[in-house]
Every structure is written in structure tokens, then in C-alpha cells.
Amino acid sequence: MPWYRKLHWQIIIGLVLGLLFGILAAAQGWSGFTSDWIAPWGQIFLRLLLLIAVPLVLASLITGVASLSDLKKLSRIGGKTIAIYIGTTVIALIIGLVLVNLFQPGATVPDEMREKLQMTFADQAQAGVETAASRAEKSPIQPLVDMVPGNFFEAASSNRNMLQIVFFAIFAGIGLLMIPKDKSKPLLDLFESLNDLVIRMVEIIMLFAPIGVFALMADTITSIAGDDLGQIMELITALGYYCLVVLAGLIVHMFLTYGSMIKFFTPKTWGEVARALAPAQLVAFSTSSSGATLPVTMERVEKELGVSEEVSSFVLPLGATINMDGTGLYQAVAAVFIAQTIGMDLDLTAQLTIVFTAVLASIGTAAVPGAGIIMLVIILESVGVPSAGIALILGVDRILDMCRTVTNVTGDATVATVVAASEGEFKTAPVPA
Ligand code: ASP
């Protein structure tokens, strides 16, 4: 097959063209045209992915759990998955903290720019602080309460409630394991065929990905820059060093942490995994949402890496909702950067507090665009940095969101591969990437 017919190349072409079109549109003052005529195609692509996320998680997780031979296996896989998720998040946070302390990006922002940023983004920052405050008022174990749905249809009606769907599916899967086979078979057959249907639907949606990604990129660029490209250039100059530190951290974590996990704990190579995951990473980059990317991640991990459905259907939806290494790393860098910019010194205890709160915050971060910066407010407050400081970084947040979402999705897929390897859960003949 010629290279340009491969899906990931087509998506890359869509992405680059979208980027170029966005820059041109901002320079020429076409942002109205872009939002009226280009952006809707991106929205359609995004909605198609979100449309199948809930049925996919439900069908694959119920079949996955119900096909396990016993509950011991479920708790073993569950325990292992959560332990690795937390472990990798802590490593990501440490990488972020080491880099931000080493390179001190906050020391490079001129006073004048700092004041300007604080003024320009004051309203947006205030809105973020208020959203975070309404969360912080609740009980510390509220996330546990939020995991349990009070009404199935309510849970299934919002992609923000994915964890509730995961809870319901595991619960229903366990129930199915406990009733006689002849009684559970009709339901299992139904979910199995629903699962096959949804995976096929993902493949169809992905044919539209190059256009969807083009539109999403063009829209993102014009909405950040408006009709004034100079403004985005100014922001990138002022915050460029900070962005580079976050990006360096994300790259180090992906290559070093995930690369070593793949090398030492799975029969795959990093190259194979990266090739298989490329379409999911590109969708993550252009949607900034690990929730919307989940169907693509699941399809790639099962079909291209050969991870069994039993493992992927459990590890990936859980990961998309609770495992956010990229977000954690970014939050650690951002918290210290804001402190550095306003001349505050964070000692070791404060930085350890960041690690602790960021692990919890990244679990509680919704898998949607911009969720990470809301949870950052909680981290800032835990170490006494004024939360209005998020105004300093809001201007470049979308760009970093795109990048951290790629890390989040790669982390979930890496852990699924490691867990599958440790359980001997690879399908015998995975389709080559
Ligand atoms: N957009 C990220 C995700 O969906 C979350 C965040 O960091 O804002 O994974």
C-alpha cells in the first residue's frame, strides 16, 4: 500500500493542512468563515466519536468482565492496573518538577508581560477559580460518591460520567458471571454483537478522520488567534520557555517511562506500539479529549497491538477517566511556573504537596478539553499560590492541552499492553500495524 493511503499519514496531512489553513485564516481575517463553514465538520467528527464512547465502554466492559473465568482475576487485573496508573503518574510529576526547577521558566517572564497577561485573562481565570471552588467545597471522598450512578440513564447521558458507566458495566459483568450460563447467554450474545458493531463503527468514523482533524485544527488555531496572528505570536514568545519545559517533560515521560515499560515488560517494541497508536495520538492531539479518543484507542490497542478485549475493555476506559500522566506533569510545571513568575519560592514540602494533590487531581480531571487547568486551581490553593495566577498561562493552555492529551492516551495504551503481557493476554495473531 503506498504510504499516503495509510490512515495515520492521511490524518497527519489533514492535521498539517488544518494548521496551515488556520494560520492563513487568522492572517487574512477569515475566522468568521472558518467557524461557520469549516469548524462544523470537526464538530461532526467529534460527536461521532463521543456518540459511540458510552455504548463501546458498556458493551466491551460487560463482555470483558463476564468472560473472565473468576472474580479473582478481575481483582488481580484491577489492582495491577490501578497501581501502575498511580506509579506512572507519580513518575510524570517528578519529571515535571525536576525540569521546572532546573530550567526556571518563570524567571524569564518580563514584569510588563506578566501584568498584561493577568489583565487579559482575568475574567477567564475568575471563571475557572469559581468552577474549582464549587468542587473543593464537597467532601474529600466525593469522587468515590461520584463514581456510583444513581440513575443509569442519567449516567449514560453524559460523556463526563464515563466512570459511572465503567462502574455499572463492571457491576453488571460480575452479576452476569453469577447467574446460570443459559440465563446469561442471551444478554452476553447481545453485548458481544453490540461490541463488534461499535468497533466497526469506529473504523467507519476513522475514514472521516483526516477531514475531521483538518477542521478541528483550523478551528483551534483561529479561535486562539482570532483575526490577529500577532497576538498568538506574542503569547508564544512570552510563554515559549514554559511551553518548552512542559513539552520536554511530556517527551521524556513518553520515551523514557513508557519506552522502558514497553521494552522491559512486553514482547512489543516501542516502534510497533507507536505505529499502532499513531491514529489515536493524532485524534487526541486534535480533539484534546481522551474521552473522545477512547473508541479509537480501544480499536488500535485490540486490533493492531493484539491486546485481548478482556484487558483492553477494562484498562482503557478506566485509564481514560483516571489516568492522566500528561495532565499531572503539566500541572506540576504550571504550578511551580506560576509561583516563580510571581516571585514565590516553593520549598520541598510544598513541592511534595504538589505531587500528592496532583495525583488526586489528575484522577478527578474529566477527559475533556481544558479540564486540567480547572484542577490546577485546587493544586495552587494547596500550596498557597494565588489561583488567579492561572491567568498567566491561559493563553497557551489549549496548545499544551493538545500535547498532554497525547501523553494521557499513550499512557493508557502502554499500561494496557503491559497488563496484557503480564497476564498472557495477547491475541495470537494481531493484525500488523
Ligand atoms: N484534555 C485532557 C484529556 O482529555 C485533560 C486535560 O488535561 O485538560 O485527557
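Predicted model only: the values in this text are computed from it and were never measured.

What counts, and where the lines are drawn
- Note on numbering: residues in each chain are counted from 1, in written sequence order.
- Where totals are concerned, whole chains, interfaces and linings use all residues; where local detail is concerned, this predicted model gives features only for residues with pLDDT of at least 70, and gives and counts side-chain atom pairs only at 80 or more.
- Neither water nor hydrogens contribute to the side-chain values; these are computed over all heavy atoms in the structure.
- Using a grid of 1 Å spacing that covers the protein atoms alone, one calls a set of points a cavity when a 1.4 Å probe fits there but cannot get out, and a pocket when the set is open and has protein on both sides within 12 Å along at least five of seven lines; lining residues are those with an atom within 4 Å of a point.
- Grid points are joined across faces, edges and corners, and a volume is the space filled by probe spheres set on the points.
- Secondary structure counts use DSSP, requiring at least four H or I residues in a row for a helix and at least two E residues in a row for a strand, with both numbered from the N terminus.
- Classes in brief: Ala, Val, Leu, Ile, Met, Phe, Trp, Tyr, Cys and Pro nonpolar; Asp, Glu, Lys and Arg charged; the others, Gly included, polar.
- We define a salt bridge as a side-chain nitrogen of Lys or Arg found within 4 Å of a carboxyl oxygen belonging to Asp or Glu.
- Partly exposed describes any residue whose relative accessible area lies between the buried limit of under 20% and the exposed limit of over 50%, with all areas from a 1.4 Å probe on protein chains only and scaled to the type maximum.
- To be near a molecule or strand, a residue needs just one of its heavy atoms within 4 Å of it.
- Every accessible area reported is derived by Shrake-Rupley at a probe size of 1.4 Å, with residue values counting cover from the shown protein chains alone.
- A molecule is counted as occupying a cavity or pocket when more than half of its atoms fall within 2 Å of that pocket's grid points.
- We call a pair of cysteine sulfur atoms a disulfide whenever their separation is within 2.5 Å.
- What makes a patch is a set of residues exposed beyond 30% relative accessible area and free of salt bridges, joined within 9 Å when like-charged and within 5 Å when nonpolar (Val, Leu, Ile, Met, Phe, Trp, Tyr).
- Two N or O atoms form a polar contact when they lie within 3.5 Å of each other; inside protein one atom must be a possible hydrogen donor and the other a possible acceptor, and for residues adjacent in sequence the pair counts only when both atoms belong to side chains.
- Working convention: axes come from line fits to C-alpha atoms, limited for helices to the stretch in contact. Angles between N-to-C directions cover 0 to 180 degrees.
- Geometric relationships in this document are graded by angle, where less than 35 degrees denotes roughly parallel, more than 145 denotes roughly antiparallel, 65 to 115 denotes roughly perpendicular, and other angles denote oblique.
- Should the near helix be turned anticlockwise from the far one by less than a right angle, the crossing is left-handed, and should it be turned clockwise, the crossing is right-handed.
- Between two residues, a contact is recorded if the distance between any of their heavy atoms is within 4.5 Å.
- The criterion for an aromatic pair is that two Phe, Tyr or Trp rings (for Trp, the six-membered ring) have centres within 6.5 Å, with stacked assigned to planes under 30 degrees apart, edge-to-face to planes over 60 apart and tilted to the rest.
- The criterion is that NZ of a Lys, or CZ of an Arg, lies within 6 Å of the ring centre and within 35 degrees of the ring normal, and then a charge sits over that ring.

Participant: Which parts of the structure should I look at to understand empty space enclosed by the protein?
Facilitator: Gaps left between atoms are located by rolling a probe of water-molecule size over the structure's atoms. Following the criterion strictly, the structure yields four cavities of 30 Å³ or more and no others. Lining the largest cavity are 16 residues, and of these Thr327, Val368, Asp401, Thr405 and Asn408 sit closest to its centre. Broken down by secondary-structure element, the contributors of at least two residues to the lining of the largest cavity are α17 (371-382) and α18 (397-423). With four residues, α18 is the largest single contributor of residues to the lining of the largest cavity. Tallied by class, the residues present in the lining of the largest cavity amount to six nonpolar, eight polar and two charged. Each pocket or cavity is described by its volume, and for the second largest cavity that value is around 50 Å³. Around the second largest cavity, the lining residues are Gly64, Val65, Leu68, Lys73, Leu74, Ile77, Glu310 and Phe314. In terms of residues, the lining of the second largest cavity owes the most to one element, helix α3 (residues 71-103), which gives three residues. Here the residues of the lining of the second largest cavity sort into five nonpolar, one polar and two charged.

Participant: It is not clear to me how the pattern of salt bridges should be interpreted in this structure. Could you clarify?
Facilitator: Side chains that carry opposite charge are capable of pairing whenever their charged atoms lie near each other. Taken as a whole and judged by the stated rule, the model has 11 salt bridges. One salt bridge connects arginine 200 with glutamate 203, and the closest N-O pair in it is separated by 2.9 Å. Note that arginine 200 and glutamate 203 are positioned in helix α9 (residues 181-207) at a spacing of three residues, about one turn of the helix. Assessed through its relative accessible area of 49%, arginine 200 is described here as partly exposed. Of the charged contacts, one joins lysine 303 and glutamate 203 as a salt bridge, the two residues approaching to 2.9 Å between their closest N and O atoms. Taken together, the residues lysine 303 in helix α13 (residues 290-303) and glutamate 203 in helix α9 connect sequence positions 100 residues apart. You can call lysine 303 partly exposed: its relative accessible area is 30%. Linked through salt bridges whose partners overlap, the residues forming this network are Lys73, Glu310 and Glu425.

Participant: Sorry, what's going on with the site of the ligand here?
Facilitator: Of all residues adjacent to the ligand, which total 16 residues, the nearest are Ser290, Thr327, Gly372, Asp401 and Arg404. For the ligand, the protein covers 100% of the area, taking 280 Å² as the surface of the free molecule. More than half of the atoms belonging to the ligand lie within 2 Å of the grid points that define the largest cavity. Those elements that place two or more of their residues in the shell around the ligand are α17 and α18. Of the residues forming the shell around the ligand, the biggest block, four residues, is contributed by α18. Class assignment of the residues belonging to the shell around the ligand gives a composition of six nonpolar, eight polar and two charged.

Participant: It is not clear to me how the state of the cysteines should be interpreted in this structure. Could you clarify?
Facilitator: Every disulfide links exactly two cysteines, by a covalent bond between their sulfur atoms. Within this structure, the stated rule accounts for zero disulfides. For cysteine 243, which is in no disulfide, the shortest distance to another cysteine sulfur is to cysteine 403 and amounts to 8.5 Å. Since its relative accessible area comes to 12%, cysteine 243 is described here as buried.

Participant: Sorry, what's going on with the layout of surface pockets here?
Facilitator: Roughly 1500 Å³ of internal volume is contained in the largest pocket. Forming the boundary of the largest pocket are 46 residues, of which Gln142, Pro143, Asp146, Ile363 and Gly364 lie nearest the centre. Elements represented by at least two residues in the lining of the largest pocket include exactly α3, α5 (122-136), α6 (142-147), α8 (162-177), α13, α14 (309-322), α16 (348-364) and α17. Per-element accounting of the lining of the largest pocket gives the leading share, eight residues, to α8. Class assignment for the residues of the lining of the largest pocket results in 28 nonpolar, 14 polar and four charged. If you add up the space inside the second largest pocket, you get close to 550 Å³. In terms of residue count, the dominant contributor to the lining of the second largest pocket is helix α10 (residues 209-225) (five residues). The residue makeup of the lining of the second largest pocket, split by class, is 11 nonpolar, 10 polar and four charged.

Participant: Help me out: how do you make sense of a nonpolar patch on the surface in this one?
Facilitator: Taken together, Trp3, Tyr4, Trp9, Ile13, Val16, Leu17 and Leu20 make up a surface patch of nonpolar side chains, about 690 Å² in accessible area. Mapping tryptophan 3 onto the fold places it in the segment before α1 (7-28).

Participant: Can you help me understand the environment of lysine 268 in this one?
Facilitator: Within the secondary structure layout, lysine 268 lies in the loop between α11 (229-265) and α12 (270-287). A relative accessible area of 15% means that lysine 268 is categorised as buried. Residues lysine 268 and alanine 169 lie 99 residues apart in sequence; the distance between their C-alpha atoms is 30 Å. Polar side-chain contacts of lysine 268 include one of 3.3 Å to the backbone oxygen of leucine 305.

Participant: Explain the packing of α3 against helix α15 (residues 325-341) here, please?
Facilitator: Helices that pack against each other are described as a pair by the angle of their axes relative to one another and the distance between those axes. Two elements in contact, α3 and α15, have axes separated by 8 Å at closest approach and are oriented at 30°. By the criterion of interaxial angle, the relationship of α3 to α15 is roughly parallel. In this structure, α3 meets α15 at a crossing whose hand is right-handed. Across the interface between the two elements, Tyr85, Thr88, Thr89, Ala92, Leu93, Ile95, Gly96, Leu97, Val100 and Asn101 from α3 touch Asp325, Gly328, Leu329, Ala332, Val333, Val336, Phe337 and Gln340 from α15. When the residues that make up the contact of α3 with α15 are grouped by side-chain class, the tally is 11 nonpolar, six polar and one charged.

Participant: How should I be thinking about the packing of aromatic side chains in this particular structure?
Facilitator: For any pair of aromatic rings, the description consists of the separation of the ring centres together with the inter-plane angle of the planes. A full pass over the atoms with the stated rule returns eight aromatic pairs. Ring geometry for phenylalanine 152 versus phenylalanine 153: centroids 5.3 Å apart, planes at 80°, classification edge-to-face. The exposure class of phenylalanine 152 is partly exposed, given its relative accessible area of 27%. Ring geometry for tyrosine 242 against phenylalanine 337: centres 4.4 Å apart, planes inclined by 25°, an arrangement best described as stacked. Taken as a pair, tyrosine 242 in helix α11 and phenylalanine 337 in helix α15 lie far apart in primary sequence, 95 residues in all. Each member of the pair, tyrosine 242 together with phenylalanine 337, is buried. Linked through ring pairs, Phe21, Trp30 and Phe214 together constitute an aromatic cluster. When the ring centre of phenylalanine 426 is taken as reference, the NZ or CZ atom of lysine 268 above it lies at 5.2 Å. Residue placement shows arginine 404 over the ring face of tyrosine 330; its charged tip is 3.9 Å from the ring centre.

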